[in-house]
4 protein chains.
Amino acid sequence: MTRNIKVEKLSQQPVEEQMIELVERKGIGHPDSIADGLAESISRALCHEYKSRVGAVLHHNTDETQVVAGRSCPAFGGGEIIQPIYVLLSGRATRFFEEQEIPVDVIARRTAKEYIRSVLCNIDVSDHVILDCRIGTGSSDLQDVFKRKVPGANDTSFGVGYAPFSETETVVYNTERFLMDLKKRIPAIGEDVKVMAMRSGDIINITVACAMVGRHLDDLADYMETKEVIVREIEENVCSCAQRKVKVQLNVADDPESGSVYLTVSGTSAEMGDDGSVGRGNRANGLITLNRPMSMEATSGKNPIRHVGKIYNLLSTQIANKIVSEVDEVGEVYVRILSQIGKPIDEPHMLSIQTTVKEGANYSQVQAEAEQIANQWLDDILVIQEKLMKGELKTF
Amino acid sequence: MTRNIKVEKLSQQPVEEQMIELVERKGIGHPDSIADGLAESISRALCHEYKSRVGAVLHHNTDETQVVAGRSCPAFGGGEIIQPIYVLLSGRATRFFEEQEIPVDVIARRTAKEYIRSVLCNIDVSDHVILDCRIGTGSSDLQDVFKRKVPGANDTSFGVGYAPFSETETVVYNTERFLMDLKKRIPAIGEDVKVMAMRSGDIINITVACAMVGRHLDDLADYMETKEVIVREIEENVCSCAQRKVKVQLNVADDPESGSVYLTVSGTSAEMGDDGSVGRGNRANGLITLNRPMSMEATSGKNPIRHVGKIYNLLSTQIANKIVSEVDEVGEVYVRILSQIGKPIDEPHMLSIQTTVKEGANYSQVQAEAEQIANQWLDDILVIQEKLMKGELKTF
Amino acid sequence: MTRNIKVEKLSQQPVEEQMIELVERKGIGHPDSIADGLAESISRALCHEYKSRVGAVLHHNTDETQVVAGRSCPAFGGGEIIQPIYVLLSGRATRFFEEQEIPVDVIARRTAKEYIRSVLCNIDVSDHVILDCRIGTGSSDLQDVFKRKVPGANDTSFGVGYAPFSETETVVYNTERFLMDLKKRIPAIGEDVKVMAMRSGDIINITVACAMVGRHLDDLADYMETKEVIVREIEENVCSCAQRKVKVQLNVADDPESGSVYLTVSGTSAEMGDDGSVGRGNRANGLITLNRPMSMEATSGKNPIRHVGKIYNLLSTQIANKIVSEVDEVGEVYVRILSQIGKPIDEPHMLSIQTTVKEGANYSQVQAEAEQIANQWLDDILVIQEKLMKGELKTF
Amino acid sequence: MTRNIKVEKLSQQPVEEQMIELVERKGIGHPDSIADGLAESISRALCHEYKSRVGAVLHHNTDETQVVAGRSCPAFGGGEIIQPIYVLLSGRATRFFEEQEIPVDVIARRTAKEYIRSVLCNIDVSDHVILDCRIGTGSSDLQDVFKRKVPGANDTSFGVGYAPFSETETVVYNTERFLMDLKKRIPAIGEDVKVMAMRSGDIINITVACAMVGRHLDDLADYMETKEVIVREIEENVCSCAQRKVKVQLNVADDPESGSVYLTVSGTSAEMGDDGSVGRGNRANGLITLNRPMSMEATSGKNPIRHVGKIYNLLSTQIANKIVSEVDEVGEVYVRILSQIGKPIDEPHMLSIQTTVKEGANYSQVQAEAEQIANQWLDDILVIQEKLMKGELKTF
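It should be emphasised that the depicted structure is a prediction, and the values quoted were computed from it without experimental measurement. (Residues numbered from 1 in each chain as written. Chains lettered and ligands numbered in written order. Predicted model: local features only at pLDDT ≥ 70, side-chain atom pairs only at ≥ 80, totals over all residues. Heavy atoms only, no water.)

Caption draft 1: A look at the interface of chain B and chain A. Facing the 68 residues of chain B at the interface are 68 residues of chain A. Between chain B and chain A, roughly 5600 Å² of surface is buried when both sides are summed, and carbon and sulfur atoms account for 57% of that area. Interface area lost by chain B to chain A is led by B:F158, B:R280 and B:M296, which between them contribute 15%. Inspection of the chain B/chain A interface yields 8 salt bridges. Between A:D155 and B:K194 there is a salt bridge, with its nearest N and O atoms 3.1 Å apart. One can count 32 residue pairs in polar contact (both at pLDDT 80 or more) joining chain B with chain A. Across the side of chain B that touches chain A, the residue classes tally to 26 nonpolar, 23 polar and 19 charged. (Contact = heavy atoms within 4.5 Å. Buried area = accessible area lost by both parts, 1.4 Å probe. Salt bridge = Lys/Arg side-chain N within 4 Å of Asp/Glu carboxyl O. Polar contact = N/O pair within 3.5 Å; in protein donor to acceptor, adjacent residues only side chain to side chain. Nonpolar A, V, L, I, M, F, W, Y, C, P; charged D, E, K, R; others polar.)

As structure tokens, this is what we get:
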């Protein structure tokens, strides 16, 4: 099979050399990430259920979860949730197969409950979250499900990925991950963390917003001390992955004199005022990157079988990573893939690879190697499905 | 006031010269655009209501509308909606001011109803759309509302904009606009249009998905003929704005032999199976552009007073446009603006301008002129608010 | 066919001779009546739809509408609705018949909208009422629908009816009806009227609660005057149907000195604070009668084909009325009918008739005549269905 | 204080002597009873919360819970819930007191969850029940709450009660209670039981509908055998409370040949098809009695402080019981109480007592004693509140 793969030399300033770089990551307890996580875990649960009941993954898309904020009265030493968070699970899923009826809503709600429990340790799901369901009825093209080895694309859409992470990107990603680790030692750290970095030349300014959990803090003094400790810990951790100078700030909107600080009951701002939606937070690589191409497609919650808006975003990142690690002379790699509705997903309408290269590189060899890597990945495209179903590929 | 404005020369292949370019626009009747439009019109209505009742715009954010698809039975010559579209209006808004109670939910629903009527001519809002409301209660910092001339940023976040449109971008944008115009002559054209373009070298391939309205089509033959007419009209129209060769395809997933074509009752896929969310469709400039930096911030529905996620996306585009039109030697211009939570919105943490320039340009002059334009716009930042409230700035 | 009909002489003080009698009627704009009216009109609309589409009434029950009150700011000369009334239409209905899909939700919502418009003249349905739908999917026993002349009872349940109305009952019923007539002349009268009567010996005390409509009243003085006029009108009207002395009071909780009076924007208390449910208001004869047997079955919204909880309540009243009008010597007549699940509805498990008789009456003749009337009505039971579908029998 | 109490001799055939008697009781797992139980337990929980937070019970009414049925696939040996039951908690409650915000919705949902757990042992609340909340904001007349010893009536409405139970009534009530006891030995018995009795002369026909739980039954044969055992157990139990001949039938709509029997997953028909509402099931004495006067007021969920629709229904039954037990010569006692909106609840507008008496009784003494008992109870009316808050008085 000859595929439409184009490899192009990119003559542009690498991101690392641009003067200004802006990067953001929303932590797993941010309302948008909660929505993403719910959507993706429900899709995964449906995949397993379909597989075990009918032997194949039937059509579904659960990428439209909406998180509507509740109300709370945070306080040092405790506080309480006043009005529960309302979560609307929507999307659609196949409900009937032959004589069998699939309990889609029950699976969705059970999965949602377990997911929230797994990511928000200070919330009592059954008391503080209303899990409502308006999942529509989808239908599967059974021909497609059972006869074709490689499924057809659900739509005309595109994915984009790149590699490698810049230093700033690495710092941002690691900082959020580090905080979730630090949380084991400092339980006042909530899961709703937003890490934002602006690199200006060789200085990386990191601004972290972290929802602090009231019941693990005695008073304002304790809050202020804990903040200092966290900042120090972040700075130390950052040294391990950054060579540039990094400045860290935490909860900059705090006004301790008026007593106004970022305090929550549950560790997420969804308890009071901040709604969340699927697809508005991190891209499939875990970041929001203003100096990089991004796709608007929500990756989380889409079915992993034939939804190219999901598969191609992940695949392009995989291809870019592999090119960077295997092709010596490339610098930055950007991969874009465009589908054709109905055509097998391993035959995209076009797969574009752009790379910068080190000076003096033999570009025709780079081209050949990059193309081969892309071809290999397209041959192995079902691996993406499998990894998604096993939860081995993150989507936000 | 000295602001932190950085102007940087960008040495990168202009988008026009890149081999592959991917651009998309979702039409006003696409479920995501419906969500955007609802969110933005409700915010605008609240602004007016607040102004007329209390003399200032109180705090609100209505950027979380969720459109949950209904069910339909489309048919040539008619068809019918089986299950209404469910719309959840969420977000939050100030409900009390001194002794007055603001009818936020009633305003939101009335505006939503009128908005849908204005963009979807084949839907009977009262029969086919459930407008549900879970708008929370927000509160306004009255100090901020009434005392400060320039409000403080609501958050630390960023906006990004660029200019000028590439040829492909222009073609995509114009094609959707043209179809909404053509609809007056060919009423079978629904408002749910998706225009996707892949430019490969000097050929622009346009794929249009257009929901066709059953009651304006007699039968399959009529459908097929109408498609041909529409393709021809698009091609003719495109000639006026493109010098490259443009290939147009419409509803490529149609399979006329099996009778499977893109037919709807109402002209939007929200009637059957496609949900929509705010902020997942077009960026503030009306496009999704895989070769350009984009912001993840939803622009629609955020309050126009101090929500920098909204204001800076629009402002950066305005600045980029002005630089392109007034500074002779620049090619492409990219503007990024980063806020500081609480600081006046006319004093961003950083405003970065990147430009390509024509060969031999005097870059220090370009820098000076670009900086001056940025400064002017920051001085006039309240104009953005005014234009938004008047509906003079589109957000999707 | 020999049916199980029992006629029994009742030796009890007729209601007219009891010392104390308590009677109530909730007007058509009372939240419970709104729920009843919605339920019944939707059932009727579905009946027509099913008949015209498939030639027979398919299974449905829409007797579970819930009206959740809104919020309002009433004022003389106007006022406004702050938060819409939320109406949840639930129950179940057959959605598929052969290849056809019935737009149950769309019909339900359209009917609901039209019904509210027809009974609440001061409400803008589209702005002030959220019509949500969670109607489940029912299924029809097609054997039953198309093969049997007389359908089988859906359940084991009972109905009860009586005749004639006592004087107090007549006064209560007529007073509410009169007010809806008077409303044409005095538009400040809202549709949410509650008429309660306590007869103590020969004095009938009537207490009317009537939601007054702000925009038709200039000020408190106007309100107080209007009240006086209404009381006078009621008194005059009552003279025509009552021989006992009748005392009338209106809105007794008003406290004009503190400005606290029964003022509304829309003429119904559902706008602020009062929820409503099907089956909690008037019985099938339009009254709540504490001196009479009553059924707990909600009559409104149940399907009129085989739901004996509906049919038998109406039928028993019809039989009682006919006995009173045709059998000379009877005084009060009470009819109770018990079904057997699955058995034809014209063969009840038991039909009990209790009558008081004038002294010296020939009871065996009364028995014979009463039994014959009951038999005739059971022979004609399908007339109840027809009248219900035409809206000729009221259910509340 | 002289109260308006009227005692009247009733010359009517006692229910025991009437030829036909109809009585029904819906078990605790019937959808209407679930709604009642939820409403009442939430009101009780709010009472405790208010008392412990502000020292007094603030205004609330939670008597409008709606249970919307789910979907299920019952099967011998298991079965599964396909779509969760949706419960809408509505009504209103005071949310703010001085500076404090009361977490009304969280309390309501937590209580609802615990209540369902306590009455439906085969349901997993968190997976199978959506607990949604649209409880409005009420306000308390603080004057009334904190200053008055005896609160004022919330409305003009009435209650009714009687004593003693007839034999048929006792049989019906006990049978349902007995089944809930028998359930410990026969776990296949679901909580959704409906006991209906028709007494015809001296034969009491009992028809029991009992939702059977699939996972406790191996197959159809097991089901049929279990039914026989249950019928036998009921018959034996009934002997202890009835002297008349009692015939018992169970699940009469079963058609074992076609395999159609009353099988459920969870033991309640709310899992599939049967909605429930507050106030449509049992009256405050636990029965639906077609030969007795009944009130339409929902007793469950109303606040126990000043809602006369609740208090007077319970009080009238208490008074009737006491008269029967303490006044030797009375037979049947009927008590009706009518309130006056705003007046202290211990000063009803009228309290009517009707009694039958044994032949030769001294009625003036009966009158005196009955009146005294009524007066005593009115003096002690706050005991009703206390008992309700402690859960010592059942409301359905």
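Caption draft 2: The packing of helix α1 (residues 31-54) of chain A against helix α9 (residues 382-390) of chain A, seen in detail. All names here are of chain A. Axis separation between α1 and α9 bottoms out at 9 Å; the angle between their running directions is 105°. In terms of orientation, α1 and α9 fall into the roughly perpendicular class. Here E40, R44, C47 and H48 of α1 come into contact with α9, specifically with L388, M389 and K390. Considered class by class, the residues forming the contact of α1 with α9 number 3 nonpolar, 1 polar and 3 charged. (Axes fitted to C-alpha atoms, helices over the stretch in contact; angles between N-to-C directions. Helix = DSSP H or I, 4+ residues; strand = E, 2+ residues; numbered from the N terminus. Parallel < 35°, antiparallel > 145°, perpendicular 65-115°, else oblique.)

Caption draft 3: Spatial organisation of the interface of chain D and chain A. Counting from both sides, the interface comprises 27 residues of chain D and, opposite them, 27 residues of chain A. Note on chain D versus chain A: buried area summed over both sides is about 2200 Å², and carbon and sulfur give 44% of it. If you sort the residues of chain D by the area they bury against chain A, D:E101, D:R109 and D:D127 come out on top, with a joint share of 26%. At the boundary of chain D with chain A, the tally comes to 8 salt bridges. A salt bridge links A:E80 to D:R53, with the nearest nitrogen and oxygen atoms 2.7 Å apart. Where chain D meets chain A, there are 16 residue pairs in polar contact (both at pLDDT 80 or more). Elements supplying a minimum of two residues to the side of chain D that touches chain A: β5 (71-75), β6 (78-83), α2 (104-119), α3 (125-128) and β11 (129-133) of chain D. Per element, the largest residue contribution to the side of chain D that touches chain A is 6 residues, and it comes from α2(D). Taken together, the residues that form the side of chain D that touches chain A break down as 14 nonpolar, 3 polar and 10 charged.

Caption draft 4: Structural context of the confidence of the model for chain A. Scored by pLDDT, chain A has a mean of 95; 100% of the residues are at 70 or more. Interface confidence in the predicted complex, given as ipTM, is 0.93; pTM for the same model is 0.95. (pLDDT = per-residue confidence, 0-100.)

Caption draft 5: Structural context of a negative patch on the surface. There is a patch of like negative charges on the surface, built from A:D218, A:D219, A:E225 and A:E228. Here A:D218 falls in the exposed class, since its relative accessible area comes to 63%. (Patch = residues over 30% accessible without salt bridge, like charges linked within 9 Å, V, L, I, M, F, W, Y side chains within 5 Å. Areas by Shrake-Rupley, 256 points an atom, 1.4 Å probe, with all protein chains shown as cover. Lys, Arg positive; Asp, Glu negative; His and termini not counted. Charge placed at Lys NZ, Arg CZ, Asp CG, Glu CD. Buried < 20%, exposed > 50% of the residue type's maximum accessible area, 1.4 Å probe, protein only.)

Caption draft 6: How the structure looks around the pattern of salt bridges. In this structure the tally under the stated criterion is 118 salt bridges over all chains. B:R185 is the partner of B:E233 in a salt bridge, and the nearest nitrogen-oxygen pair spans 3.0 Å. Within this pair, whereas B:E233 is found in helix α6 (residues 220-239), its partner B:R185 is found in the loop between α5 (167-182) and β14 (189-200), the two being separated by 48 residues in sequence. Among the residues examined, B:E233 registers a relative accessible area of 17% and is labelled buried. We note a salt bridge from C:R280 to D:D63, for which the minimum N-O separation is 2.9 Å. Of this pair, C:R280 sits in the loop between β18 (276-277) and β19 (288-289) while D:D63 sits in the loop between β3 (60-61) and β4 (66-68), on two different chains. A single network of salt bridges, built from pairs that share partners, joins A:D63, A:E64, A:E297, A:K302 and B:R280.

Caption draft 7: Molecular detail of the relation of the copies chain B and chain A. Laying chain B over chain A is done by rotating through 180° and shifting 0.0 Å along the axis; what remains is an RMSD of 0.0 Å. Classification of the inter-copy transformation places it as that of a two-fold axis. No C-alpha of chain B lies nearer the rotation axis than that of B:Q12, which sits 1.9 Å from it. Most of the interface of chain B is mirrored in chain A: 100% of its interface residues are interface residues there too. (Least-squares fit on C-alpha atoms with pLDDT ≥ 70 in both.)

Caption draft 8: Structural view of the packing of aromatic side chains. One pass over the full model with this rule turns up 16 aromatic pairs over all chains. Here D:R134 stacks its cationic end above the ring of C:Y86, 3.7 Å away from the centre of that ring. (Phe/Tyr/Trp six-rings, centres within 6.5 Å; stacked < 30°, edge-to-face > 60°. Lys NZ or Arg CZ within 6 Å of the ring centre and 35° of its normal.)

Caption draft 9: The arrangement of the relation of the copies chain D and chain A in detail. Under the fitted operation, chain D is carried onto chain A by 0.0 Å of movement along the axis and a turn of 180°, and the coordinates agree to an RMSD of 0.0 Å. A share of 100% of interface residues in chain D that are also interface residues in chain A marks the association as one of identical surfaces.

Caption draft 10: Region of the structure containing the sheet that holds strand β13 (residues 158-163) of chain B. All names here are of chain B. Spatially, the 4 strands line up as an open sheet ordered β1-β21-β20-β13, and their pairing is mixed. Only two strands of the sheet have a single neighbouring strand rather than two, namely β1 (5-9) and β13. Each strand axis lies, on average, 15° off the axis of its neighbour in the sheet, ignoring direction. In the sheet, β13 pairs with strand β20 (residues 330-338) via 6 bridges, with the strands oriented antiparallel. Along β20, the bridge assignment pairs Y162 with Y334. Sitting on the sheet, helix α7 (residues 308-326) touches β13, β20 and β21 (350-357), and the angle it makes with β13 is about 25°. Packing against the sheet, helix α8 (residues 363-379) makes contact with β1, β20 and β21, and its axis sits at approximately 145° to β1. (Pairing = 2+ DSSP bridges.)

Caption draft 11: Geometry of the pairing of strand β2 (residues 20-26) of chain B. Residues and elements named next belong to chain B. Burial analysis of β2 places 7 of its 7 residues in the buried class, the great majority of the element. Burial of the side chains of β2 extends over both faces: I20, L22, E24 and K26 are buried on one face and E21, V23 and R25 on the other. Sheet topology note: the β2/β14 ladder contains 7 bridges and is antiparallel. Counted as the bridge partner of E24 is M196 from β14.

Caption draft 12: Structural context of the pairing of strand β15 (residues 203-213) of chain D. All names here are of chain D. Most of β15 sits out of view: 8 of its 11 residues are buried. In terms of strand pairing, strand β14 (residues 189-200) meets β15 through 9 bridges, oriented antiparallel. The partner of A197 across the bridge, within β15, is I206. From the end of β14 to the start of β15, which pair antiparallel, there are 2 residues, and G201 there has a positive phi angle of about 65°. By the bridge criterion, 6 bridges tie β15 to strand β16 (residues 245-250) in an arrangement that is parallel. The residue bridging I206 from the neighbouring strand is V248, located in β16.

Caption draft 13: Quick peek at unusual backbone geometry. At the junction of A:A163 and A:P164, the peptide bond is cis and its omega measures out at -10° in the coordinates. Along the chain, A:P164 falls in the loop between β13 (158-163) and α5 (167-182). Despite not being glycine, B:N251 shows a phi value in the positive range, around 45°. Structurally, the position occupied by B:N251 is in the loop between β16 (245-250) and β17 (263-264).

Caption draft 14: Quick look at the sheet that holds strand β8 (residues 92-94) of chain A. All names here are of chain A. Read across the sheet, 3 strands follow the order β3-β8-β12 without closing on themselves; strand pairing throughout is mixed. Unpaired on one side and paired on the other, β3 (60-61) and β12 (136-138) mark the two borders of the sheet. Bridge count between β3 and β8: 2 bridges; the pairing is antiparallel. What sits directly across from H60, in β8, is A93.

Caption draft 15: Local environment of the state of the cysteines. All chains considered together, the criterion is met by 0 disulfides over all chains. Left unpaired, A:C241 is separated from the closest cysteine sulfur, that of A:C239, by 8.6 Å. (Disulfide = S-S within 2.5 Å.)

Caption draft 16: Looking closely at the nonpolar core. Core analysis: the biggest nonpolar cluster contains 152 residues, and C:I206 and D:I206 have the highest contact counts within it. Non-local contacts of D:I206, meaning those with residues more than four positions away in its chain, are made with D:V171, D:T175, D:V195, D:M196, D:A197, D:V238, D:V246, D:K247, D:V248 and D:Q249. Of all hydrophobic cores here, the second largest spans 151 residues; its members include A:Y115, A:V171, A:L217 and C:I130. (Core = buried A, V, L, I, M, F, W, Y, C linked by side-chain atoms within 4.5 Å.)

Caption draft 17: Spotlight on the side chain of D:K113. Structurally, D:K113 can be placed in helix α2. Those residues in contact with D:K113, other than ones at most four positions away along the chain, are A:S126, A:D127, D:V125 and D:L131.

Caption draft 18: Up close: helix α6 (residues 220-239) of chain A. Residues and elements named next belong to chain A. Between the first and last C-alpha of α6 there are 29 Å, a value that for 20 residues agrees with the 28 Å anticipated at 1.5 Å per step. Within α6 the residues assigned to the buried category are D222, Y223, T226, K227, I230, V231, E233, I234, N237 and V238. Packing partners of the buried residues in α6 comprise α5, β14 (189-200), β15 (203-213), β16 (245-250) and β17 (263-264). (Expected span 1.5 Å × (residues − 1).)

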